[in-house]
Amino acid sequence: MATLVNSVSPLTNPSPETLRTACGLFSDVPNFHSFSQNKGFTRVLASTQITISPKDSVWTLSNWKVGRKDTRNRDIRLNDAFFHLEFIVRKGHKPDVAQATQLLYDLCKSNKMKKATRVMEMTIESGIIPDAASYTFLVNNLCKRGNIGYAMQLVEKMEENGCPTNTVTYNSLVRGLCKHGNLNQSLQLLDKLMRKGLVPNEFTHSFLLEAAYKERGVDEAMKLLDGIIAKGGKPNLVSYNVLLTGLCKEGRTEEAIQFFRDLPSKGFNPNVVSCNIILRSLCCEGRWEEANELVAEMDSEERSPSLVTYNILIGSLASHGRIQHAFQVLDEMMRASFQPSAATFNPIISHFCKEGKADLVVKCLDQMIHHCCNPNDGTFNAIAVLCEGGRVQRAFSIIQSLGNKQNSSTHDFYRGVISSLCRKGNTYPAFQLLYEMIQSGFVPDPYTYSSLIRGLCVEGMLDEALEIFRLLEENDYRPILGNFNALILGFCKSGRTDLSLEIFEMMILKGYTPNETTYTILVEGIAHEEEKELAAEVLKELYIRQVMRRNTVERLVMQYDLKGLPV
């Protein structure tokens, strides 16, 4: 790695020869439109508030609303509205606050986080200070998508400029950190929250307890709860349900049942969620008589079974081969006026696929569509089980039939199926179905190839992921930079950052110019291998060479607690 750092050259316009001979981690990075240093929060929020004189009128944005199912046109019109807002602000006009806020929400819902963040920047630039609700929504969505560093940076900048912060905002950060295995950093954030005078609530506690049992075991989570209570915290039933889940996850069902029975002595009556946690554990162990007794108890004590209760029973019965009983529960569920979901049908479909009963799969899917349940990742992965029994063409015909009943294009549907399978570790069936799709005219795009590459890496088939590139090039397909980034990311997530650096070098030799995403993946890979000093050293060099934007460096420093950087 020292060789890599020492081999860095200043950021200029490198010649092809320079790219080919580069052995290190650094080369030219294109300028980014979004999040640029000149237009980002650093400049906008550091400046004095812009005032708008009363005579300035409020400008409305172009309408981006379309029908719910018109996905393609919605994306186009969302982009048009974004660029219209950009034009308005650039001309010094003030946008309609309600419209700008709604645009931010809709961009988040469409997973366009860079544009959503830019809307926040432009809103502030026009002289409007956003309310806590809108930027908490943005923080929450950034955290949900794993952009914890961006979210932490956003909150810090907003606080510096007097924007209101509340417990809900901090809870988004705590939950985001907890979900990504950063319990210690979450606890530090909790201390910061309390020093500011904000009071943690039951959700804060439940996020921390869940992270504690996942990282350190349920016994440590119970000690953490004792510490919270000792400091004056008042956890509610949600916190105890988290511990109940932890006991069941560790297979300590008897202890969980006793804990469940002791809840009234702690001042809480178990609710339907508490019952569902115990029910799931009993069903997984095939303890049907006790499960039935618990369900009867729920009816008698006004803890009525929920949709989740029925789904637990149907899924467990189907997985144990008790398919007739599963259908009986399904009938009972519908008599109780519950609307089934894809999660209701998927275990039954999976059972029939394992037995190779494709005709029954079709009937079950017809019933599912009849009840307005759209297939999801679980449905596609259940159908993919048919491939294991050599029924690839039958599996494809079923998926093809489902595609014809969807409102999206065939290309988008097929691409979504491949992506779903790869996300869930069913990459081999994905390849088998892809072959059938190609025979029917489907042309894979770079996104499809990236999904396959990531899927192979997730399953530990790193050599096979590399082989894709050789096969693509043999068939006159030139991989795009995103394909290489997917491969580098896959190797880093597999704990083989050393090999990802070799892929990086191969990419350079083939004439590709890495972008900031490439470098970010590599720095995060180094940090995840607990080489934080080395990650900081590499990141510092990248920043000095102007290969990484300041905003990105700040995000990585905050997310991985890196030291000694000039930010």
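Fair warning: this is a prediction, and the values are worked out from it, not measured in the lab.

To continue, consider the overall build of the protein chain. A count of helices and strands for the protein chain gives 32 helices and 2 strands. Residues counted as buried form 50% of the 567 residues belonging to the protein chain. Considering only contacts within the protein chain whose residues lie at least 6 apart along the sequence, 65% involve residues at least 24 apart. A total of about 27200 Å² of accessible surface is found on the protein chain, and carbon and sulfur atoms cover 50% of it.

Another aspect to go through is the packing of helix α5 (residues 97–109) against helix α7 (residues 132–144). Helix packing geometry: the angle between the two helix axes and the distance between the axes. Two numbers describe how α5 lies on α7: the axes approach to 10 Å, and their chain directions differ by 10°. Classified by the angle their axes make, α5 and α7 are roughly parallel. Of the two elements, α5 crosses α7, and the hand of that crossing is left-handed. Together, Thr-101, Leu-104, Tyr-105, Cys-108 and Lys-109 of α5 and Ala-133, Ser-134, Phe-137, Leu-138 and Asn-141 of α7 make up the contact between the two elements. Taken together, the residues of the contact of α5 with α7 sort by class into 6 nonpolar, 3 polar and 1 charged.

A separate point is the pattern of salt bridges. One pass over the full model with this rule turns up 24 salt bridges. The partner of Glu-473 in a salt bridge is Lys-510, with the nearest N and O atoms 3.2 Å apart. In this pair, Glu-473 is assigned in helix α27 (residues 462–474) and Lys-510 in the loop between α29 (497–509) and α30 (516–528), connecting sequence segments 37 residues apart. For Lys-510, a relative accessible area of 34% corresponds to the partly exposed category. One salt bridge connects Glu-554 with Arg-550, and the closest N-O pair in it is separated by 3.1 Å. With Glu-554 and Arg-550 both in helix α32 (residues 550–560) and 4 residues apart, the pair spans about one turn of that helix.

Its location among the elements puts Asn-276 in helix α15 (residues 272–284). Judged by relative accessible area, Asn-276 falls into the buried class, the value being 7%. Those residues in contact with Asn-276 that sit more than four places away from it in its chain are Met-298, Ser-306, Val-308, Thr-309 and Ile-312.

Once that is clear, we can look at the packing of aromatic side chains. The geometry of two aromatic rings is summed up by the distance between their centres and the angle between their planes. Under the definition given, this model contains 14 aromatic pairs. Here the aromatic rings of Phe-82 and Phe-83 are separated by 5.4 Å at their centres, their planes lie at 70°, and the arrangement is edge-to-face. Taking 4.9 Å as the distance between ring centres and 50° as the angle between the ring planes, the aromatic pair formed by Tyr-449 and Tyr-477 counts as tilted. Placement of Tyr-449 in helix α26 (residues 446–458) and of Tyr-477 in the loop between α27 and α28 (481–493) is noted, with a sequence separation of 28 residues between them. Comparing Tyr-449 with Tyr-477 shows no difference in burial state: the two are buried. What links up through ring pairs into an aromatic cluster is the set Phe-380, Phe-396, Phe-413, Tyr-414 and Phe-442. Above the plane of the ring of Phe-82 lies Lys-115, whose end atom (NZ or CZ) is 5.5 Å from the centre. A cation sits over an aromatic face here: Arg-415 above Tyr-447, 4.4 Å from the ring centre.

With that settled, consider the state of the cysteines. By the definition in use, this model includes 0 disulfides. Looking at the unpaired Cys-353, the closest cysteine sulfur is the one in Cys-387, lying at 9.1 Å.

Right, let's talk about the confidence of the model for the protein chain for a bit. In the predicted model, the protein chain carries a mean pLDDT of 83, and the fraction of residues at 70 or more is 88%. The model gives residues 1–55 a pLDDT under 50, and that stretch makes 114 contacts with residues more than four places away or in other chains.

With that settled, consider the packing of α30 against helix α31 (residues 532–544). Orientation of α30 relative to α31, taken along the N-to-C sense of each, is 160°, at an axis distance of 7 Å. Our classification of the angle between α30 and α31 gives roughly antiparallel. Here Tyr-519, Val-523, Ile-526 and Ala-527 of α30 lie close against α31, whose contacting residues are Lys-532, Leu-534, Ala-535, Val-538, Leu-539 and Leu-542. Residue classes in the contact of α30 with α31 are distributed as 9 nonpolar, no polar and 1 charged.

With that settled, the discussion passes to helix α25 (residues 427–439). In a regular helix each residue adds 1.5 Å, so 13 residues correspond to 18 Å; α25 covers 19 Å between its end C-alpha atoms and thus fits that length. Those residues of α25 hidden inside the fold are in contact with α22 (385–388), α23 (392–404), α24 (410–423) and α26. Positive phi appears at Gly-441, one or two residues downstream of α25, with a value of about 105°.

Once that is clear, we can look at unusual backbone geometry. Despite not being glycine, Ser-337 shows a phi value in the positive range, around 70°. Mapped onto the elements, Ser-337 comes out in the loop between α18 (323–335) and α19 (342–354). By relative accessible area, Ser-337 is classed as exposed at 67%. With phi around 60°, Gln-546 is a residue other than glycine that occupies positive phi space.

On to a negative patch on the surface, then. A surface patch of negative charge is lined by Glu-529, Glu-530, Glu-531 and Glu-533. Residue position: Glu-533 is located in helix α31. For Glu-533, a relative accessible area of 73% corresponds to the exposed category.

The first and last C-alpha atoms of α26 sit 18 Å apart over 13 residues, in line with the 18 Å expected at 1.5 Å per residue. Turning to α26, its buried residues are Thr-448, Tyr-449, Ser-450, Ser-451, Leu-452, Ile-453, Gly-455, Leu-456 and Cys-457. Looking at the buried residues of α26, the elements they touch are α24, α25, α27 and α28. Where α26 terminates, the next one or two residues include Gly-460, which has phi positive at roughly 80°.

Cut-off values and rules
Residues numbered from 1 in each chain as written. Predicted model: local features only at pLDDT ≥ 70, side-chain atom pairs only at ≥ 80, totals over all residues. Heavy atoms only, no water. Helix = DSSP H or I, 4+ residues; strand = E, 2+ residues; numbered from the N terminus. Buried < 20%, exposed > 50% of the residue type's maximum accessible area, 1.4 Å probe, protein only. Contact = heavy atoms within 4.5 Å. Areas by Shrake-Rupley, 256 points an atom, 1.4 Å probe, with all protein chains shown as cover. Axes fitted to C-alpha atoms, helices over the stretch in contact; angles between N-to-C directions. Parallel < 35°, antiparallel > 145°, perpendicular 65-115°, else oblique. Left-handed = near helix turned anticlockwise from the far one by under 90°. Nonpolar A, V, L, I, M, F, W, Y, C, P; charged D, E, K, R; others polar. Salt bridge = Lys/Arg side-chain N within 4 Å of Asp/Glu carboxyl O. Phe/Tyr/Trp six-rings, centres within 6.5 Å; stacked < 30°, edge-to-face > 60°. Lys NZ or Arg CZ within 6 Å of the ring centre and 35° of its normal. Disulfide = S-S within 2.5 Å. pLDDT = per-residue confidence, 0-100. Expected span 1.5 Å × (residues − 1). Patch = residues over 30% accessible without salt bridge, like charges linked within 9 Å, V, L, I, M, F, W, Y side chains within 5 Å. Lys, Arg positive; Asp, Glu negative; His and termini not counted. Charge placed at Lys NZ, Arg CZ, Asp CG, Glu CD.

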